[in-house]
Amino acid sequence: MDTTPVVVRAYRTAHGKEDGVYADVRSEDLSVPLVNEILSDTGLSGDDVDDLMWGCAQQREEQGNNLARIITLLSDLGESVPGTTINRWCASSAQAVISASDAIRAGQRDAIIAGGVENMSRVKMGANTAMHPRMNEDYNLAALQMGMTAEEVAERYDVSREAQDDYAFRSQQRASEATKSGRFEDEIVPIDNGEKQVTEDEGIRHDVSREKMDELPTVFKSEGTVTPGNASQISDGASALLVTSEAFAKEHDLEIMAEIGNNSVQGVEPEVMGIGPIPAVRDILERTGRDIDDYDLVELNEAFASQTLYCQEQLGIDDEKFNVNGGAIAIGHPLGATGARLPVTLIHEMIKRDVDRGIATECVGFGQGAAIEFSR
Ligand SMILES: CC(C)(COP(=O)(O)OP(=O)(O)OC[C@H]1O[C@@H](n2cnc3c(N)ncnc32)[C@H](O)[C@@H]1OP(=O)(O)O)[C@@H](O)C(=O)NCCC(=O)NCCS
């Protein structure tokens with residue numbers, strides 16, 4: 001039996017701005033429509049699905065209570081499908097995809113829905129103060145604030161404000177073009193927010209002006225370089241992939257979108273957490289014997305323009321293959337959803353361009369990086 005893990009469906013919600021279109025929509029209600037769409041679209045039922053693996057970074061308040069299990073109960077999956085909620089901060093749903101594909105490759109499972117969610121409007125980022133006291137002694141916690149780590153990357157590796165703003169401007173332009181040309185339509189499942197069907201990312205600035213970006217004040221450090229224009233947006237959204245074995249896909253007559261290849265997670269110095277993709281991607285390259293030029297497309301999460309640019313430069317990624325439809329600076333970064341959103345966008349774009357190989361990677365707060373490769 002072929003246990004190669006494959007992706008047969010890949011969906012996401014359009015992303016909302018903080019306190020925007022999803023302010024009244026709970027995380028479960030962002031997630032359930034994706035799960036139900038996968039089932040109705042494939043004709044599968046809960047009897048066919050072995051598990052729901054769901055990433056979420058801020059697992060407290062209404063995102064506590066093992067969100068994944070609540071989603072199985074509220075969705076068409078039903079009581080027989082278990083659910084586990086996974087936390088690797090910004091790579092939480094990447095970890096869901098990794099855990100799903102590893103379990104399938106090992107022959108332990110046949111079909112898993114892997115994804116994640118974050119409603120940052122309803123459960124605010126960084127409000128957990130119950131940190132272990134030794135962390136206060138061993139680390140300067142203020143320096144580990146995400147925005148400060150972006151400033152540290154900019155300073156240590158000499159990434160200028162101008163370069164960051166140029167990059168962020170490009171991200172907005174690419175995301176706007178992708179939206180206007182309908183590039184995201186196949187991947188977005190509309191969400192009813194009680195007033196309308198949300199079908200487009202709310203944070204994209206279709207009228208972005210490079211000149212106006214020069215005027216934006218820095219947020220985290222007075223003499224710094226990181227502004228609301230070149231940082232990822234605080235946002236709400238969910239993403240999901242149906243991961244199965246190749247044998248299961250064939251048996252159920254499901255078209256394979258992509259094969260899941262190697263994955264890697266690595267730790268880095270927490271003060272420069274944004275460099276995490278560098279060792280994660282390099283580890284995959286070493287283990288596969290591939291070169292970065294062997295990949296046709298790379299999706300690297302734009303947590304901040306400073307770390308995105310430094311990672312791109314260090315990994316030697318060609319601009320024409322890199323975040324071709326923009327990224328989190330424009331689309332938004334709902335923490336627990338992003339690790340699956342990157343593969344969703346990557347795989348749809350690989351299909352549209354008819355290319356063979358892609359990689360999705362992100363940095364993670366407190367110093368980690370994750371990467372997953374996909375091929376067709
Ligand atoms: C940077 C950050 C603090 C900004 O938050 P914010 O101030 O609420 O952001 P806003 O979107 O309201 O933008 C602030 C202002 O800049 C303006 N602005 C933002 N981007 C702009 C752009 N590209 N061009 C022109 N103006 C822009 C907004 O219109 C707004 O103007 P206003 O005050 O006149 O309304 C927030 O986005 C953040 O923390 N991002 C990082 C999140 C994070 O750490 N994630 C984890 C990463 S690992």
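Look a little higher up for the structure.
Let me sum up the structure you'll find in this document.

1. Concerning the overall build of the protein chain
Here comes step 1: Across its full length, the protein chain carries 12 helices and 12 strands.
Here comes step 2: What you see for the protein chain is a C-alpha radius of gyration of 19 Å, in line with the 21 Å of a compact globule of 376 residues.
Here comes step 3: Each principal axis of the C-alpha atoms in the protein chain carries an extent, and together these give about 60 × 50 × 45 Å.
Here comes step 4: Of all 376 residues assigned to the protein chain, the portion counted as buried reaches 60%.
Here comes step 5: Counting contacts in the protein chain only where the partners sit at least 6 residues apart, residues at least 24 apart contribute 80% of the total.
Here comes step 6: Here the protein chain displays about 14700 Å² of accessible surface, and carbon together with sulfur accounts for 43% of that area.

2. As for the site of the ligand
Here comes step 1: Among the 19 residues in the neighbourhood of the ligand, the closest are listed as Met-146, Arg-205, Pro-228, Gly-229 and Ser-232.
Here comes step 2: Within the contact set of the ligand, an oxygen atom lies 2.7 Å away from a side-chain nitrogen or oxygen of Arg-205.
Here comes step 3: In isolation the ligand offers 980 Å² of accessible surface; the protein chains occlude 66% of this area.
Here comes step 4: Of the residues contributing to the shell around the ligand, the split by class is 14 nonpolar, 3 polar and 2 charged.

3. Quick look at the packing of helix α5 (residues 146-156) against helix α10 (residues 305-315)
Here comes step 1: At a minimum axis separation of 8 Å, α5 and α10 run at an interaxial angle of 45°. Considered as vectors, α5 and α10 are oriented oblique to each other. Between α5 and α10 lies a crossing of left-handed hand. In this structure, α5 uses Ala-150, Val-153 and Ala-154 to contact α10, whose residues at the interface are Ser-306, Gln-307 and Tyr-310.

4. Quick word on the side chain of Thr-42
Here comes step 1: Within the secondary structure layout, Thr-42 lies in helix α1 (residues 27-42).
Here comes step 2: At 3.3 Å, the side chain of Thr-42 forms a polar contact with the backbone oxygen of Leu-39.
Here comes step 3: Once you skip the residues sitting within four places of it in the chain, Thr-42 turns out to touch Arg-9, Leu-242 and Leu-254.

5. Regarding empty space enclosed by the protein
Here comes step 1: The full count for this structure, using the stated rule, is 1 cavity of 30 Å³ or more.
Here comes step 2: Approximately 30 Å³ is the volume found for the largest cavity.
Here comes step 3: Together, Ile-292, Asp-293, Tyr-295, Val-298, Gly-316, Ile-317, Asp-318 and Lys-321 line the largest cavity.
Here comes step 4: A breakdown of the residues in the lining of the largest cavity according to their chemical character gives 4 nonpolar, 1 polar and 3 charged.

6. Points about the nonpolar core
Here comes step 1: Tyr-22, Leu-52, Trp-54, Leu-77 and Ile-113 are the most contacted members of the largest nonpolar core, which totals 42 residues.
Here comes step 2: In terms of residue count, the dominant contributor to this core is α1 (6 residues).
Here comes step 3: In this structure, Ala-100, Ile-112, Val-243 and Ala-258 belong to the second largest nonpolar core, which totals 33 residues.

7. Some points on the environment of Leu-241
Here comes step 1: Structurally, the position occupied by Leu-241 is in strand β8 (residues 235-245).
Here comes step 2: By relative accessible area, which is 0% here, Leu-241 ends up buried.
Here comes step 3: If sequence neighbours within four positions are ignored, Leu-241 has contacts with Val-7, Arg-9, Ala-10, Ile-38, Val-97, Ile-112, Ile-113, Ala-114, Ala-340, Pro-343, Val-344 and Ile-347.

8. Thoughts on the pattern of salt bridges
Here comes step 1: Across all of its chains, the model carries 25 salt bridges by this definition.
Here comes step 2: Between Arg-353 and Glu-349 there is a salt bridge, and its shortest N-O distance comes to 2.7 Å. Taken as a pair, Arg-353 and Glu-349 lie in helix α12 (residues 335-353) at a separation of 4 residues, close to a single helical turn.
Here comes step 3: Judged by relative accessible area, which is 3%, Glu-349 ranks as buried.
Here comes step 4: Residues participating in the shared-partner salt-bridge network are Arg-26, Glu-28, Glu-62 and Arg-122.

9. What to know about the layout of surface pockets
Here comes step 1: In this structure, the largest pocket encloses a volume near 1400 Å³.
Here comes step 2: Looking at the lining of the largest pocket, its residues break down into 24 nonpolar, 16 polar and 6 charged.

10. With respect to α1
Here comes step 1: End to end, α1 covers 24 Å across 16 residues, agreeing with the expected 22 Å (1.5 Å per residue, within 8%).
Here comes step 2: All of the buried residues along α1 are Ser-27, Glu-28, Leu-30, Ser-31, Val-32, Leu-34, Val-35, Asn-36, Ile-38, Leu-39 and Thr-42.
Here comes step 3: The elements touched by buried residues of α1 are β1 (5-12), β3 (51-55), α2 (67-74), β5 (111-119), β6 (191-192) and β8.
Here comes step 4: Two residues or fewer past α1, Gly-43 is found with a positive phi of approximately 75°.

11. Description of the pairing of strand β9 (residues 258-267)
Here comes step 1: In the sheet, β1 pairs with β9 via 2 bridges, with the strands oriented antiparallel. Bridge pairing links Val-7 to Ala-258 in β9.
Here comes step 2: In this structure, β9 lies alongside strand β12 (residues 368-375), joined through 7 bridges in antiparallel fashion. Counted as the bridge partner of Gly-267 is Gln-368 from β12.

12. Notes on the packing of aromatic side chains
Here comes step 1: On inspection of all chains with the given rule, the structure shows 3 aromatic pairs.
Here comes step 2: Between Tyr-167 and Phe-322, the aromatic rings sit 6.4 Å apart at their centres with planes inclined by 55°, giving tilted as the arrangement. Of this pair, Tyr-167 sits in helix α6 (residues 161-180) while Phe-322 sits in the loop between α10 and α11 (328-331); the two residues are 155 residues apart in sequence, bridging distant segments of the chain.
Here comes step 3: Since its relative accessible area comes to 0%, Phe-322 is described here as buried.
Here comes step 4: Relative to Phe-304, the ring of Phe-220 lies with its centre 6.3 Å away and its plane at 85°, an arrangement referred to as edge-to-face. On the criterion of sequence distance, the pair formed by Phe-220 in the loop between α7 (210-214) and β8 and Phe-304 in the loop between β10 (297-300) and α10 is long-range, its members being 84 residues apart.

Thresholds, definitions, all that
- Residues numbered from 1 in each chain as written.
- Predicted model: local features only at pLDDT ≥ 70, side-chain atom pairs only at ≥ 80, totals over all residues.
- Heavy atoms only, no water.
- Helix = DSSP H or I, 4+ residues; strand = E, 2+ residues; numbered from the N terminus.
- Rg over C-alpha atoms; globule rule 2.2 N^0.38 Å.
- Buried < 20%, exposed > 50% of the residue type's maximum accessible area, 1.4 Å probe, protein only.
- Contact = heavy atoms within 4.5 Å.
- Areas by Shrake-Rupley, 256 points an atom, 1.4 Å probe, with all protein chains shown as cover.
- Near = heavy atom within 4 Å.
- Polar contact = N/O pair within 3.5 Å; in protein donor to acceptor, adjacent residues only side chain to side chain.
- Nonpolar A, V, L, I, M, F, W, Y, C, P; charged D, E, K, R; others polar.
- Axes fitted to C-alpha atoms, helices over the stretch in contact; angles between N-to-C directions.
- Parallel < 35°, antiparallel > 145°, perpendicular 65-115°, else oblique.
- Left-handed = near helix turned anticlockwise from the far one by under 90°.
- 1 Å grid on protein atoms, 1.4 Å probe; cavity = no way out; pocket = protein on both sides within 12 Å on 5 of 7 lines; lining within 4 Å.
- Points joined across faces, edges and corners; volume = space filled by probe spheres on them.
- Core = buried A, V, L, I, M, F, W, Y, C linked by side-chain atoms within 4.5 Å.
- Salt bridge = Lys/Arg side-chain N within 4 Å of Asp/Glu carboxyl O.
- Expected span 1.5 Å × (residues − 1).
- Pairing = 2+ DSSP bridges.
- Phe/Tyr/Trp six-rings, centres within 6.5 Å; stacked < 30°, edge-to-face > 60°.

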